[in-house]
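For reference, the chains in residue letters:
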Amino acid sequence: MIRADLRTAAGLCVPMRGTGDERPRHVGTPRVYRWRRAVFGPLACLAALLIAAAAPAFAVTISVTPTAVSVPIGGDRQLSVFADGVATSAVLWTVNGIPNGDSTVGTISATGMYNAPLQPPVGWIVTATATSTADPNASASCTIKVRNQVPWTTSLNPNPIPIGSFTLQVIGSRFVSGAQVLWNGTALATTYNSATMLTAIGNASQAGAVSITVANPGPGAVSTPLTLTVGSAATTPTLTIATTATATIAKTATSVPTMTPTRSATSTRTLTYTPIPTRTPTITKTPTVTKTPTATPTQTLSPTPTATIDPMAITYGRFLSQVSFGATAQSTAHLAQVGMSTYLDEQFAMPQSPWPPLATAQRSDAVDAFFANALSGQDQLRQRVLYALSEIIVIAMNKNTNGNEIVPWLQLLSRNAFGNYRTLLSELTLDASMGKYLDLANSVGTGGGGMGGMGGTAANENYPREVMQLFSIGLYQLNLDGTVQVDAQNVGVPTYTQTDVQQLAKALSGWTYGNVNSTPPTYGNFSYYPGPMLPVAAFHNSQAKTILGVSIPAGQTAQQDLTSAINILFNHPNVGPFLATRLIRALVTSNPSPAFISRVATVFNDNGSGVRGDMPAVVRAIIMDPEARDDAPPANFGRLRTPMQHTIAMVRALNIPIGAASNFAYLFYDMNEGILDAASVFGHYSPSYHIPKTPLFGPEFQIYSASDAINRANFSYSFLYNPWPLNPALLPYVNVAGNAAGLVNLVDTNLLFGRMSASTRTAILNAIPAMPDNNTRVLTALYLTLVSGEYQVQR
């Protein structure tokens, strides 16, 4: 590439000062050449000027990274541009030649954030191109494969199936029209029923295990496999039932009960049982049950059978409880296959779940997306960290009332959950949604009136106070292990004063809502949420400031002062232990040891490569810490699941389809967790709440009174019996409910990973015989387990 500069070319024609012979620049040039330079110099000068005029004034080399990427429909991906190896935003973006793209090929922002369309484009491939504003001839591109969402499969019905023709239902989510059920990779004749169910037909020719996957149309959209068992039709278990009043039934069960009745009979009928799902562990038991049907049947049960459970069940279950919203058969099988470290790697690389478009987002859309992403998003770890951050960095619908005011905050938490905490603080400060919620938008630091009549007469102190108290450094100076530093009177040493709040408010003054063109205004704007806030120079306080003992010089712009302020907060020694404590409490346990906090805070301060605030490194340090991975933790270890977490863990474990959250979200207010509507800036509960009459922290217990416990129990029960008399998803439990111990074992395995206590088991076994039929036995066993402390407390 030719590189030229008009100033350099013009410089060739400047004579040396001194004598009148206009010597050339190079003083050492021999005299014999001077006359030639005098004659040909003007010609060379003219040629250089022509060359410079023909080339750009500042020729650059542009590169885009990544150069190729796959993005799901509705998803996004950040692209970065470099000019001569230096990051730049001085480019114009096009998608397939369309400036900034459109709804058919996807859009791209001025900063390189590509948002995929909601429907795959023709040919699946689009090209995003960045062209330098300084050199229109310099450009680079990224090839983007826009694919359908990867389907999420949860269960097969029936499973097993006999040899011969079959009809198979595949239950899951993110199915689209044209999706195919694959039998060992070969497509079956498939009917699209809904986004959560497909029906396939085929013919099984031999017994064995079959891999069942679902492929949405297009490249790279194939689910992880479920295992379908094919057995001989002759071995399908049957039960012959006579019409006599008394029977003695002997059972011998492994994973499927085989029942051989002995009855005097005048007529018979044959029933076919659906065996237990493949997730059920091998159970060896030989109970004897004697039944005498009356209005209220009774059972005489043998001692509790011995269950042989996967020795890794608790290990996998505890891990998945910490990194997701609850273990499923699919996630457990995948974790067993790849291991914990690789599982985390996969989750950190997983694309973000989509959010509703701002232009049309309603309150219900925000609630539905937040709940659905937590329930079935494949980026479960990101959603779990996002949920934790939403209780640390709060915005609520009681003030930000519309969907377009709440979704940008969710998007910010999502994209920064695996980024750097400094970036999160910086973006948060300029987020228009937060600007409304904590009043930083249109905060004036110069006095004498607000922005266009919209601001106050002094810099607003609301956000400056909360960003210190709740988002970064807390109220008191901390040691690395999270313990509070105290003075000679044993009183905690404050981290900041009211003067610090006032000084920070001045540093963050002069910002207003953005606009469509991101053009810095000269006055305060009315609300606009799609983009960050913009500076108004006239209303920024440019005086010198001192925050937390660090000086900011006078004369800086609003952006420079913001950058300085964020650096001061981010580099404060409190941030590591402050954030470590809150994330550990949200993901693992409410009462981590000081050593646990210290280890995580150390990683926040330095990820091992000299980087401070690396969120993936912090999250990995929390999850893989020896205290988190101890499968026999002390009695005070764990945390109470919130109502939303309890509900999602339940329906994930039981494969219960529940529909859009907006249909029942109002009921969460009765449990003190209005979705996306925290009661205060502290969240739904105080991060420092203590369990009454104990020294133990238990933040979530603040919203778990006796009435809340009843409301939670009733809410859970409603999912079990709806539609009456039993949710069809629970049929696998009905199939074993004739054996009380077998039913309890199955419930224990699927909900508690085999760690049900003897007292809980005895209580449930004592309750089951009084139930009139298998449906109510299942309801009883599940209900009592779901309301037990063993399930509600994540251990």
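Residues numbered from 1 in each chain as written. Predicted model: local features only at pLDDT ≥ 70, side-chain atom pairs only at ≥ 80, totals over all residues. Heavy atoms only, no water.

*Asks:* Run through the overall build of the chain, naming residues and quoting values.
*Replies:* Secondary structure summary: the chain contains 23 helices and 33 strands in total. When burial is assessed residue by residue, the chain has 49% of its 795 residues classed as buried. (Helix = DSSP H or I, 4+ residues; strand = E, 2+ residues; numbered from the N terminus. Buried < 20%, exposed > 50% of the residue type's maximum accessible area, 1.4 Å probe, protein only.)

*Asks:* Help me get a handle on the pattern of salt bridges, residues and values and all.
*Replies:* Applying the stated criterion across every chain yields a total of twelve salt bridges. Lys-436 serves as the salt-bridge partner of Glu-405, at 2.7 Å between the closest nitrogen and oxygen. Note that Glu-405 is positioned in helix H8 (residues 403–416) and Lys-436 in helix H10 (residues 432–437), a separation of 31 residues in sequence. Ionic pairing is found between Asp-561 and Lys-545, a salt bridge with its closest N-O pair at 2.6 Å. With a gap of 16 residues between them, Asp-561 in helix H13 (residues 558–570) and Lys-545 in strand S30 (residues 545–547) connect regions that are remote in the sequence. The two residues Asp-561 and Lys-545 agree in class, both being buried. Within this structure, Arg-599, Asp-625 and Glu-627 form a network of salt bridges that share partners. (Salt bridge = Lys/Arg side-chain N within 4 Å of Asp/Glu carboxyl O.)

*Asks:* An account of the side chain of Thr-429 is requested, with residue identities and associated values reported.
*Replies:* Relative to the helices and strands, Thr-429 resides in helix H9 (residues 421–430). A polar contact is formed between the side chain of Thr-429 and the backbone oxygen of Leu-425, at a distance of 2.7 Å. Each residue touching Thr-429, except ones within four places of it in the same chain, is listed here: Leu-440, Tyr-463, Leu-508, Met-533, Leu-562 and Ile-566. (Polar contact = N/O pair within 3.5 Å; in protein donor to acceptor, adjacent residues only side chain to side chain. Contact = heavy atoms within 4.5 Å.)

*Asks:* An account of the pairing of strand S12 (residues 139–147) is requested, with residue identities and associated values reported.
*Replies:* When strand S2 (residues 68–72) meets S12, the two strands line up parallel, connected through five bridges. Residue pairing across strands places Val-69 opposite Ile-144, the latter belonging to S12. Inspection of the sheet shows strand S11 (residues 125–132) paired to S12 by seven bridges, in the antiparallel sense. Bridged to Ile-125 within S12 is Lys-145. Taking the residues that link successive antiparallel strands as the turn, the S11-S12 hairpin has six residues. (Pairing = 2+ DSSP bridges.)

*Asks:* Could you give an account of the environment of Arg-384, naming the residues involved and the relevant values?
*Replies:* You can see Arg-384 is positioned in helix H7 (residues 380–392). Measuring from C-alpha to C-alpha, the distance between Arg-384 and Leu-587 comes to 7.7 Å, with 203 residues separating the pair along the chain. In contact with Arg-384, not counting residues within four places along its chain, are Ser-321, Gln-322, Val-323, Ser-324, Phe-325, Ala-586, Leu-587, Arg-639, Gln-645 and Gln-794. Among the polar contacts listed, one links the side chain of Arg-384 to the backbone oxygen of Gln-322, at a separation of 3.4 Å.

*Asks:* Could you give me a rundown of the nonpolar core, with the residues and numbers involved?
*Replies:* Membership of the largest hydrophobic core comes to 142 residues, with the highest contact counts inside it found for Phe-371, Tyr-421, Phe-471 and Ile-622. Excluding residues within four positions of it along the chain, Phe-471 makes contact with Ile-392, Ile-393, Val-394, Tyr-421, Leu-425, Leu-428, Met-434, Leu-438, Tyr-463, Glu-466 and Phe-578. Core analysis: the second largest hydrophobic core is formed by 24 residues, Val-69, Val-81, Ala-128 and Val-146 among them. (Core = buried A, V, L, I, M, F, W, Y, C linked by side-chain atoms within 4.5 Å.)

*Asks:* Now, about the packing of aromatic side chains: what can you tell me, with residues and values included?
*Replies:* Aromatic ring pairs: the centre-centre distance and the angle between the two ring planes describe each pair. This structure, assessed with the given rule, holds 20 aromatic pairs. Each ring, one from Phe-668 and one from Phe-715, has its centre 5.2 Å from the other, and the planes form 75 degrees; the classification is edge-to-face. Here Phe-668, found in the loop between helix H17 (643–654) and helix H18 (706–721), pairs with Phe-715, found in helix H18; they are 47 residues apart in sequence, far enough to count as distant. For Phe-668, a relative accessible area of 0% gives the class buried. Through a chain of ring-to-ring contacts, the aromatic side chains of Phe-371, Phe-664, Phe-668, Phe-715 and Phe-719 assemble into a single cluster. Here the guanidinium or amino end of Arg-384 rests over the ring plane of Phe-325, the centre of that ring lying 6.0 Å away. The cationic tip of Arg-612 hangs over the ring face of Phe-570; the distance from NZ or CZ to the ring centre is 5.3 Å. (Phe/Tyr/Trp six-rings, centres within 6.5 Å; stacked < 30°, edge-to-face > 60°. Lys NZ or Arg CZ within 6 Å of the ring centre and 35° of its normal.)

*Asks:* Quick rundown of the side chain of Ser-716? Include the residues and the values.
*Replies:* If you trace the backbone, Ser-716 turns up in helix H18. With residues near it in sequence (within four places) discarded, Ser-716 still touches His-646 and Met-650.

*Asks:* Please give an account of H9 that cites residues and values.
*Replies:* Counting buried positions along H9 yields seven of ten residues, so the element is predominantly enclosed. The N-cap residue of H9 is Asn-420: its side-chain oxygen and the backbone nitrogen of Arg-422 are 2.9 Å apart.

*Asks:* Could you give an account of the sheet that holds strand S17 (residues 186–187), naming the residues involved and the relevant values?
*Replies:* What the five strands build is an open sheet, ordered S14-S21-S20-S16-S17; its pairing is mixed. Of all the strands in the sheet, just strand S14 (161–162) and S17 have a single pairing partner and so form its edges. Strand direction decides the pairing type here: strand S16 (residues 180–183) and S17, joined by two bridges, are antiparallel. Across the sheet, residue Trp-183 finds its bridge partner in S17, namely Thr-186.

*Asks:* Account for the sheet that holds S11, naming residues and giving values.
*Replies:* Ordered by their spatial adjacency, five strands build an open sheet running S2-S12-S11-S6-S7, and the pairing between neighbours is mixed. Edge positions in the sheet fall to S2 and strand S7 (98–99), since each has one partner strand and no second.

*Asks:* Talk me through the packing of H9 against H13; I want residue IDs and the actual numbers.
*Replies:* The contact between H9 and H13 brings their axes to 10 Å, and the two run at 135 degrees. The pairing of H9 with H13 is recorded here as oblique in orientation. Crossing of H9 against H13: the hand is right-handed. The residues of H13 that touch H9, namely those facing Tyr-421, Arg-422, Leu-425, Ser-426, Thr-429 and Leu-430, are Gln-559, Leu-562, Thr-563, Ile-566, Asn-567 and Phe-570. Here the residues of the contact of H9 with H13 sort into six nonpolar, five polar and one charged. (Axes fitted to C-alpha atoms, helices over the stretch in contact; angles between N-to-C directions. Parallel < 35°, antiparallel > 145°, perpendicular 65-115°, else oblique. Left-handed = near helix turned anticlockwise from the far one by under 90°. Nonpolar A, V, L, I, M, F, W, Y, C, P; charged D, E, K, R; others polar.)

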